[in-house]
Amino acid sequence: MWDKIRKWLYETGEAVELVMAGVVICAIFVAAIALIPEFIHYWDSRMQAGAFLEFVDAVLDIVIGIEFVKMLCKPNSKNIIEVLIFLISRHMIVRETTALEDLLAVISICILFYFRRFMDATKRDREMEK
């Protein structure tokens, strides 16, 4: 009986995850449509110092949303690491950061890439053993 309840709760949790992914997809479409006036604003003020960074910030918000949906639909370590890499990259590119913060961000991204590569290597090793 408890196994059936656990199974039902697990399946319900997965269904709720997919519903939330659908909600996030809708928000991504709205944000993508909102990029049109954002681009026009960028084009009008393209000679100003921070105009490009504002536009890149809006674009990276959408990219992170897309990666988040992928993570919700298929939660695995590769997708989680990709979301983290995009988040750290966005923070480093868009925000004004100190040299130490930039160094820590680059080190963090290198570590995440290493873990992703390590996990790919161990996955290939496990597949070859079969």
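Please read these numbers as outputs of a predicted model, since none were measured by experiment.

Here is what the cut-offs are and how they apply
Residues numbered from 1 in each chain as written. Predicted model: local features only at pLDDT ≥ 70, side-chain atom pairs only at ≥ 80, totals over all residues. Heavy atoms only, no water. Helix = DSSP H or I, 4+ residues; strand = E, 2+ residues; numbered from the N terminus. Rg over C-alpha atoms; globule rule 2.2 N^0.38 Å. Areas by Shrake-Rupley, 256 points an atom, 1.4 Å probe, with all protein chains shown as cover. Lys, Arg positive; Asp, Glu negative; His and termini not counted. Charge placed at Lys NZ, Arg CZ, Asp CG, Glu CD. Axes fitted to C-alpha atoms, helices over the stretch in contact; angles between N-to-C directions. Parallel < 35°, antiparallel > 145°, perpendicular 65-115°, else oblique. Left-handed = near helix turned anticlockwise from the far one by under 90°. Nonpolar A, V, L, I, M, F, W, Y, C, P; charged D, E, K, R; others polar. Expected span 1.5 Å × (residues − 1). Buried < 20%, exposed > 50% of the residue type's maximum accessible area, 1.4 Å probe, protein only. Patch = residues over 30% accessible without salt bridge, like charges linked within 9 Å, V, L, I, M, F, W, Y side chains within 5 Å. Salt bridge = Lys/Arg side-chain N within 4 Å of Asp/Glu carboxyl O. Phe/Tyr/Trp six-rings, centres within 6.5 Å; stacked < 30°, edge-to-face > 60°. Lys NZ or Arg CZ within 6 Å of the ring centre and 35° of its normal.

## Some details on the overall build of the chain
Helix and strand counts for the chain come out as four helices and zero strands. Across the chain, helices and strands are ordered from the amino to the carboxyl terminus as α-α-α-α. Relative to a compact globule of 130 residues, whose C-alpha radius of gyration would be 14 Å, the chain shows 19 Å and is clearly more extended. By its C-alpha atoms, the chain is 65 × 35 × 25 Å across when sized along the principal axes. When the accessible area of the chain is evaluated, it comes to approximately 9900 Å², of which 69% is carbon and sulfur surface. The chain carries 15 positive and 18 negative side-chain charges, and their two centres are separated by 9 Å.

## A look at the packing of helix α1 (residues 2–44) against helix α2 (residues 51–73)
Viewed as axis vectors pointing N to C, α1 and α2 meet at an angle of 165°, and their least axial separation amounts to 9 Å. Relative to α2, the element α1 is oriented roughly antiparallel. The way α1 lies across α2 gives a crossing that is left-handed. Tallied by class, the residues present in the contact of α1 with α2 amount to 22 nonpolar, two polar and three charged.

## Side note on helix α3 (residues 77–94)
With 18 residues, α3 ought to run about 26 Å at 1.5 Å a step, and its terminal C-alpha atoms sit 26 Å apart, in line with that. Along α3, the residues that are buried comprise Asn79, Ile81, Glu82, Val83, Ile85, Ser89, Arg90 and Val94.

## Some remarks on a nonpolar patch on the surface
On the surface, Leu100, Leu103, Leu104, Ile107, Ile111, Tyr114, Phe115 and Phe118 cluster together to form a nonpolar patch covering roughly 810 Å² of accessible area. Mapped onto the elements, Leu100 comes out in helix α4 (residues 99–129).

## Regarding the packing of aromatic side chains
Here the structure, examined in full by the defined rule, presents seven aromatic pairs. Pairing Tyr114 with Phe115 gives two aromatic rings, centres 6.1 Å apart and planes at 50°, and the pair type is tilted. Given a relative accessible area of 55%, Tyr114 falls into the exposed group. Taken together, the ring pairs in this structure connect Phe39, Tyr42, Trp43, Phe52 and Phe55 into an aromatic cluster. The ring centre of Trp43 lies 4.2 Å from the NZ or CZ of Arg46, which sits over that ring.

## As for the pattern of salt bridges
For the structure on display, the rule yields seven salt bridges. The closest approach of N and O atoms between Arg6 and Asp3, which form a salt bridge, is 3.3 Å. Linking Arg6 with Asp3, this pair stays in helix α1, spanning three residues, or about one helical turn. Across this residue pair, the class does not change: Arg6 and Asp3 are exposed. What emerges from the salt-bridge pattern is a single network uniting Asp57, Asp61, Arg90 and Arg95.

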